[in-house]
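# Breakdown of the fold
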Amino acid sequence: MTGFEDLIGKPAPSFTLPNYDGQPFEFMPGGSGLPTALLFYPQSGQHGPLNSISKQLTHPFVGSYGCTQQICSFRDAVIEQTTFKPENSQVIAISPDPVEKQKEFVEKQNIPFPVLSDTEKEVPKLYGIGKGLFGFAPIARVTFIVDKDGIIRDALDATMNYGAHQKFVDKWFQKLEGESATTES
C-alpha cells in the first residue's frame with residue numbers, strides 16, 4: 001500500500017459506498033464540477049447535539065468527541081460560509097461505522113452532507129490511509145482536497161488536531177475558488 005501523500009497531483013479514486021440512509025453514494029471525482037473535501041475520520045460520535053453554543057465535553061475519549069467536533073465544524077461551515085455551500089463545493093465524510101450508527105449520528109447532529117459507511121475500510125485503503133492514533137483508531141483522520149477536475153490537490157493528516165481540518169479545507173476552497181475566477185476571466 002502506498003501512502004496517501006503519493007496521490008497528491010493524481011486523479012482521485014472513484015468509489016461507491018452506502019450513505020447514512022442506506023442508499024448507495026457514488027463519488028466520481030470531477031463529475032460534479034465542484035471541489036470536494038473528503039473527510040476520513042475514525043468513528044461517528046455518541047454525544048448529544050453539538051453546536052456553537054453548547055460544546056460541552058462529557059466523556060473525552062469515549063464516543064469519539066474529536067470526530068464529533070470535526071464533523072460538526074464542517075456542518076457549521078456548510079451553513080455559515082459561502083465557499084462551503086453545496087452550489088460551490090461538496091463535503092463527503094467517511095468512517096468505518098455501520099450505516100445504522102451513521103444514520104443516528106447524522107440525525108442527532110443535523111449533518112447536511114453525505115456521511116458514508118465503509119465497514120470493510122476499502123476506500124481508506126484506496127486512498128492510502130492506515131490506522132490512526134498509533135494503531136488504536138480504526139483509520140487515521142485524513143482530509144483530501146479534490147479539485148473540480150478530480151485531481152487530489154492536497155491532504156492533511158492530523159488525527160489529534162481535529163480542528164485543523166475545517167481550516168485546511170476553508171483555505172483550499174478559497175484558493176480553488178480564486179483559481180476558477182482567474183481561469184474564467
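Keep in mind that what you see is a predicted model, and the values were worked out from it rather than measured.

Below, the discussion takes up the side chain of D97. Structurally, D97 can be placed in the loop between β4 (90-95) and α2 (99-109). D97 gets classed as buried once you look at its relative accessible area, which sits at 8%. At 3.4 Å, the side chain of D97 forms a polar contact with the side chain of K101.

For the rest of this paragraph, the subject is the packing of aromatic side chains. Summed over all chains, the structure comprises 6 aromatic pairs. Their ring planes at 45 degrees and their centres at 5.5 Å tell us that F40 and Y127 sit as a pair that is tilted. Pair noted here: F40 is in strand β3 (residues 36-40) and Y127 is in the loop between α3 (122-126) and β6 (142-146), with a separation of 87 residues, a long-range link. Grouping residues by exposure puts F40 and Y127 together as buried. Between the aromatic rings of Y127 and F144, the centroid separation amounts to 5.0 Å while the plane-to-plane angle is 65 degrees, which identifies the pairing as edge-to-face. Taken together, the residues span a long stretch of sequence, with Y127 in the loop between α3 and β6 and F144 in strand β6 at a distance of 17 residues. For the pair Y127 and F144, one class covers both residues: buried.

About the thresholds
- Residues numbered from 1 in each chain as written.
- Predicted model: local features only at pLDDT ≥ 70, side-chain atom pairs only at ≥ 80, totals over all residues.
- Heavy atoms only, no water.
- Helix = DSSP H or I, 4+ residues; strand = E, 2+ residues; numbered from the N terminus.
- Buried < 20%, exposed > 50% of the residue type's maximum accessible area, 1.4 Å probe, protein only.
- Polar contact = N/O pair within 3.5 Å; in protein donor to acceptor, adjacent residues only side chain to side chain.
- Phe/Tyr/Trp six-rings, centres within 6.5 Å; stacked < 30°, edge-to-face > 60°.

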